[in-house]
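Given next are the chains, with one letter for each unit.
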Amino acid sequence: MRTAAAPTAAAAPAPAAQAAAPALEGPAGGMFSSLRVRNYRYFFAGQVVSNTGTWMQRIAQDWLVLSLTGSPFAVGITTAMQFLPMLLLGLFGGVVADRYPKRRLLVLTQAVMGLLAAGLAVLTLAGVVTVYHVYAFAFLLGLVTVVDNPTRQAFVTEMVGPGALRNAVSLNAANFQTARLVGPAVAGLLIAAVGSGWAFGINALSFAAVIGGLLAMRGSELHPSPVRPREKGQLREGLRYVRERPELIWPIVLVGFIGTFGFNFPTLLSGFAYDVFHVGPGQYGLLNTAMAVGSLAGALLAARRRSSRLRMLVMAALGFGVLEAVTAFAPGFWLFAAMLTLVGMVGLTFNTTANASVQLATDPAMRGRVMGLFMLVFMGGTPIGSPIVGWVTEHFGPRVGLLACGLVSAAAAGVVALVLVRSSGLRIRVDLRPGRGRRLVSFVPRRPATREELVTAC
């Protein structure tokens, strides 16, 4: 069994100095280099179909709840029900991902997701669906996602190896955002023409593409991580592993804040469409499409980069928060849609940088548990954030809700940046006259190097 090597050792915690801006390099190969890997091509093709169906269901589900209740708060509750299992059980999902072969787990989870989508389609097409049915199916889908998400994230490395991981993560994001361009538009047309039920039905069929791609892979060409036997203390071991590594813990903390508050777009965009701009499902789908355009651009730009630096992560998080806050004041529908394009581009840059940085800095035997924690804070905070954002949106308006989300994201980026700088013995230098080889913002040592240190460095 071949095991992919990790850039960092599992035995000893990384020194604090490494937390400043680790450069995790990958081989050159172009924007689409990961597609040269046969197994990844099968995975990528299946995800194109499945992600399109998933986005169709997301839009149809949000609009169905809004149609049944007329309440953005109810949309927030639906989102919370879908992500509540991740909050409660996300760490255990990572443990499961480390215990079993990841390809087999994904075949199982994808099949169950398809059955759940089919069940919701039947209820909706029969005309008997209620908002409580939607809540129940969202919760069940969340239970499956607890295992599916960390397994799917960790499986990327097994397909392409650590050298191409950065590119593969970015292409996965581009895949997801391409589907986001198509899915909402198709969903809007289907909802307007025949109702939400058909969108759920098409999503159920789309999971066959992923399962087919997984079954068609060549096992001999994978880079399987070691499967851990069932033992006591594996959950605590994973938490301790992350806690002792600044290059893991602080990106995960930042992902938690932005995942909880910054990425609450289902609740916010439905509020803007319904209450601010007074548009129908077609225009609501267009808002999601506008954001997807920016996210796709951000993913393709990220695929060209060869390194994942914490400095890029923090700057992207800060820019994302500021852009969200500014977008809250957009006076018209089309300007708001244009601003969402920028928000999507910067948000996707943050997401791919965080994902690749954390995976590349993790030992293969621990990757399932680390990604379980990553997905816990990224998605598991949604049950907390969505009702809060939904309540703020319902009582103070969508503009205040989006402004608050942006300010929280920007503040979290600023605090994490200061913690990383102080823990690494650095300070922030702002150069108002940047030139060749000089950055506007850079990290420099708090004190000049001594003569002995310079001699040692030489």
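The structure we're discussing is the one just above.
Residues numbered from 1 in each chain as written. Predicted model: local features only at pLDDT ≥ 70, side-chain atom pairs only at ≥ 80, totals over all residues. Heavy atoms only, no water.

### Topic: the overall build of the protein
For step 1, the next point in the chain: Within the protein, the regular secondary structure consists of 16 helices and two strands.
For step 2, the next point in the chain: Across the 458 residues in the protein, those meeting the buried criterion constitute 56%.
For step 3, the next point in the chain: Considering only contacts within the protein whose residues lie at least 6 apart along the sequence, 86% involve residues at least 24 apart.
For step 4, the next point in the chain: Accessible surface, the protein as shown: approximately 19100 Å² in total, 67% of it carbon and sulfur. (Helix = DSSP H or I, 4+ residues; strand = E, 2+ residues; numbered from the N terminus. Buried < 20%, exposed > 50% of the residue type's maximum accessible area, 1.4 Å probe, protein only. Contact = heavy atoms within 4.5 Å. Areas by Shrake-Rupley, 256 points an atom, 1.4 Å probe, with all protein chains shown as cover.)

### As for helix α2 (residues 72-99)
For step 1, the next point in the chain: For α2, built from 28 residues, the straight-helix expectation of 40 Å at 1.5 Å per residue is met to within 8% by its first-to-last C-alpha distance of 40 Å.
For step 2, the next point in the chain: Considering bend angle alone, the principal kink of α2 is centred on Leu89 and spans about 75 degrees. (Expected span 1.5 Å × (residues − 1). Bend = angle between axes of the 7 residues up to and from the residue.)

### Some remarks on the environment of Ala413
For step 1, the next point in the chain: One can find Ala413 in helix α15 (residues 398-423).
For step 2, the next point in the chain: Using a relative accessible area of 1% as the deciding quantity, one classes Ala413 as buried.
For step 3, the next point in the chain: In contact with Ala413, not counting residues within four places along its chain, are Leu254, Val314, Ala317 and Leu318.

### A short note on the nonpolar core
For step 1, the next point in the chain: Ranked by internal contacts, the top residues of the largest apolar core, which has 83 residues, are Leu254, Leu287, Phe336, Phe350 and Phe374.
For step 2, the next point in the chain: Each residue touching Phe336, except ones within four places of it in the same chain, is listed here: Leu269, Phe272, Phe277, Leu287, Thr327, Ala330 and Leu402.
For step 3, the next point in the chain: Formed by 18 residues, the second largest nonpolar core is a distinct cluster that contains Phe44, Val156, Val169 and Leu222. (Core = buried A, V, L, I, M, F, W, Y, C linked by side-chain atoms within 4.5 Å.)

### Section: unusual backbone geometry
For step 1, the next point in the chain: Non-glycine residue His278 carries a positive phi angle of around 55 degrees.
For step 2, the next point in the chain: Inspection of the secondary structure puts His278 in the loop between α9 (265-276) and α10 (281-304).

### Observations concerning a nonpolar patch on the surface
For step 1, the next point in the chain: Taken together, the side chains of Leu87, Leu88, Leu89, Phe92, Leu140, Leu143, Ile384 and Ile388 present a nonpolar region at the surface, about 670 Å² in accessible area.
For step 2, the next point in the chain: Contributions of two or more residues to the nonpolar patch are made by α2, α4 (131-160) and α14 (382-396).
For step 3, the next point in the chain: In terms of residue count, the dominant contributor to the nonpolar patch is α2 (four residues).
For step 4, the next point in the chain: Position of Leu143 among the secondary structure elements: in helix α4.
For step 5, the next point in the chain: Note on Leu143: relative accessible area 35%, which makes it partly exposed. (Patch = residues over 30% accessible without salt bridge, like charges linked within 9 Å, V, L, I, M, F, W, Y side chains within 5 Å. Salt bridge = Lys/Arg side-chain N within 4 Å of Asp/Glu carboxyl O.)

### Examining the pattern of salt bridges
For step 1, the next point in the chain: In total, this model carries six salt bridges according to the counting rule given.
For step 2, the next point in the chain: The residue Asp98 makes a salt bridge to Arg369 at a minimum N-O spacing of 2.8 Å. Taken together, the residues Asp98 in helix α2 and Arg369 in helix α13 (residues 367-379) connect sequence positions 271 residues apart. Arg369 shares its class with Asp98; the two are buried.
For step 3, the next point in the chain: Via salt bridges that share partners, Asp98, Glu237 and Arg369 belong to a single interconnected network.

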